[in-house]
Amino acid sequence: QVQLVESGGGLVQAGASLRLSCAASGRTFRWWPMAWFRQAPGKERELVAGITSSGGGEIYYADVVKGRVTISRDYAQNTVYLQMNSLKPEDTAVYYCATTNYVSIRYKVEEYDYWGQGTQVTVSS
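Parameters at a glance
Here the residue numbers are simple positions, counted from 1 along each chain's written sequence. Reporting of local features is limited, given that this is a predicted model, to residues whose pLDDT is at least 70; pairs of side-chain atoms are given and counted only at 80 or more, and all residues count toward the totals for whole chains, interfaces and linings. With hydrogens and water stripped out, all remaining heavy atoms of the structure feed into the side-chain values. Stacked, tilted and edge-to-face pairs are distinguished by plane angle, under 30 degrees for stacked and over 60 for edge-to-face with tilted covering the rest, among Phe, Tyr and Trp rings (Trp via its six-membered ring) whose centres lie within 6.5 Å. Ring-over charges, as used throughout, are those where CZ of Arg or NZ of Lys falls within 6 Å of the ring centre and within 35 degrees of the ring normal. Each helix is a run of H or I in the DSSP string that is no shorter than four residues. Each strand is a run of E no shorter than two, and both are numbered from the N terminus. Cysteine sulfur atoms that pair up within 2.5 Å are treated as a disulfide. Buried means the residue's accessible area, taken with a 1.4 Å probe over protein chains only, is under 20% of the maximum for its type, while exposed means over 50%, and partly exposed covers the values in between.

So, the packing of aromatic side chains
- The final tally for this structure, using the stated rule, is 6 aromatic pairs.
- Here the basic side chain of Arg-73 rests over the ring of Phe-29, its NZ or CZ set 4.4 Å away from the ring centre.
- The ring of Tyr-102 has Arg-106 lying over it, and the distance from NZ or CZ to the ring centre is 4.1 Å.

A short note on unusual backbone geometry
- Non-glycine residue Asn-78 carries a positive phi angle of around 50°.
- Tracing the backbone shows Asn-78 in the loop between strand 7 (69-74) and strand 8 (79-84).
- Even without a glycine there, the phi angle at Ser-86 is positive, about 50°.
- By the secondary structure assignment, Ser-86 is in the loop between strand 8 and strand 9 (93-99).

Let's talk about the state of the cysteines
- For the coordinates displayed, the defined rule picks out 1 disulfide.
- Here Cys-22 is linked by a disulfide to Cys-97, with a sulfur-sulfur distance of 2.1 Å. Because the torsion about its S-S bond is -75°, the bridge between Cys-22 and Cys-97 counts as left-handed. Here the residue Cys-22 occupies a position in strand 3 (residues 18-25), and Cys-97 occupies one in strand 9, the gap between them amounting to 75 residues. Taken as a pair, Cys-22 and Cys-97 share a single burial class, namely buried.

Next up, the structure:
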């Protein structure tokens, strides 16, 4: 059974940094793409960043966060990270970790098969 457990969210001021973590278990972690989505109140869930396996080497960032976030994965720890810098109030959302059975990064919510419970990020102005 695949499990994804996020951590690292919190309340910060604008301009601060946070690092989110997602611990994965239940599948051969290194084979599958991982992604971070976010969902703000009243808005649809959107893809923030994605990363494929080491063999694929593909990374994606949404335009709204490009240059401010970095996605990475630690294969020894079965963990994927999202380092977020220069946070803005509009980054406030619940952040979700997800993985897909596709071999490449997918861009739609419905193309992801497993989800974590989410971690709240709140950025005050």
